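Understanding the architecture of this molecule
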Amino acid sequence: MTLPEFIILLIVAGLCGSIGRALAGSARGGCLVSIALGFIGALLGGKIAQMAGLPEIFAVSFGGRDYPIVWSIIGASIFVAILGLLSGRSRS
């Protein structure tokens, strides 16, 4: 993977993470949190889709690997919602 591909991957992960955070109702964190959520969401959402036997709806290829956009957003939303439930804090 080249440096431009890696930068594009970080941007896509940040967008997916921020959309997932918005869907789950979280406003805490910044750009790095969104990037981390995008990657965690891709792992979590991809695993859920694989276990349920669902196909990749929309994937972008970077450096020979596919990055599942829709499952990343869904996975990030689920992860943020679980963190919100475990933390017990009210959304503000």
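Up top you'll find the structure we're talking about.
In this text the structure is predicted, and so the values were computed from the model without any measurement.

Considering the packing of aromatic side chains
Tallying each qualifying case throughout the model produces one aromatic pair. Residues Phe39 and Tyr67 carry aromatic rings whose centres are separated by 6.1 Å and whose planes lie at 85° to one another, so their mutual orientation is edge-to-face. Pair noted here: Phe39 is in helix H2 (residues 31–52) and Tyr67 is in strand E2 (residues 65–68), with a separation of 28 residues, a long-range link.

Concerning the side chain of Ser72
Position of Ser72 relative to the elements: it lies in helix H3 (residues 69–87). If sequence neighbours within four positions are ignored, Ser72 has contacts with Cys16, Gly38, Gly41, Ala42 and Tyr67.

Some thoughts on the packing of helix H1 (residues 3–24) against H2
Look at H1 against H2: their axes get within 6 Å of each other, and the N-to-C directions meet at 90°. Relative to H2, the element H1 is oriented roughly perpendicular. Contacts between H1 and H2 involve Leu9, Leu10, Ala13, Gly14, Gly17, Ser18 and Arg21 from the former and Val33, Ser34, Ile35, Leu37, Gly38 and Phe39 from the latter. A breakdown of the residues in the contact of H1 with H2 according to their chemical character gives seven nonpolar, five polar and one charged.

Some words on the pairing of strand E1 (residues 59–62)
Across four bridges, the pairing between E1 and E2 is antiparallel. Bridging across to E2, Ser61 finds its partner in Asp66. Between E1 and the antiparallel strand that follows it, E2, lie two residues; Gly63 among them carries a positive phi value of about 60°.

Topic: H1
Over its 22 residues, H1 runs 31 Å from end to end, which matches the ideal 32 Å to within 8%, given 1.5 Å per residue. Taken together, the buried positions of H1 are Leu9, Val12, Ala13, Gly14, Cys16, Gly17, Gly20 and Arg21. Contacts made by the buried residues of H1 are with H2, E1, E2 and H3. Following H1 by one or two positions, Gly25 has its phi on the positive side, about 90°.

What to know about the nonpolar core
Counting 10 residues, the largest nonpolar core consists of Leu9, Val12, Ala13, Cys16, Ile35, Ala42, Phe62, Tyr67, Ile69 and Ile73. Where this core is concerned, the elements lending two or more residues are H1, H2 and H3. Sort the elements by how many residues they give to this core and H1 lands first, with four residues. With sequence-adjacent residues up to four places away left out, Ile35 is seen in contact with Leu10, Ala13 and Gly14.

Structural notes on the packing of H1 against H3
At their nearest, the axes of H1 and H3 sit 8 Å apart, and the two run at 45° to each other. The angle between the axes of H1 and H3 places the two elements in the oblique class. In the packing of H1 onto H3, the handedness of the crossing is right-handed. In this structure, H1 uses Val12, Cys16, Gly17, Ile19, Gly20, Arg21, Leu23 and Ala24 to contact H3, whose residues at the interface are Ile69, Ser72, Ile73, Ala76, Ser77, Val80 and Ala81. Along the lines of polarity and charge, the residues of the contact of H1 with H3 split into 10 nonpolar, four polar and one charged.

Conventions used here
- Residues numbered from 1 in each chain as written.
- Predicted model: local features only at pLDDT ≥ 70, side-chain atom pairs only at ≥ 80, totals over all residues.
- Heavy atoms only, no water.
- Phe/Tyr/Trp six-rings, centres within 6.5 Å; stacked < 30°, edge-to-face > 60°.
- Helix = DSSP H or I, 4+ residues; strand = E, 2+ residues; numbered from the N terminus.
- Contact = heavy atoms within 4.5 Å.
- Axes fitted to C-alpha atoms, helices over the stretch in contact; angles between N-to-C directions.
- Parallel < 35°, antiparallel > 145°, perpendicular 65-115°, else oblique.
- Nonpolar A, V, L, I, M, F, W, Y, C, P; charged D, E, K, R; others polar.
- Pairing = 2+ DSSP bridges.
- Expected span 1.5 Å × (residues − 1).
- Buried < 20%, exposed > 50% of the residue type's maximum accessible area, 1.4 Å probe, protein only.
- Core = buried A, V, L, I, M, F, W, Y, C linked by side-chain atoms within 4.5 Å.
- Left-handed = near helix turned anticlockwise from the far one by under 90°.

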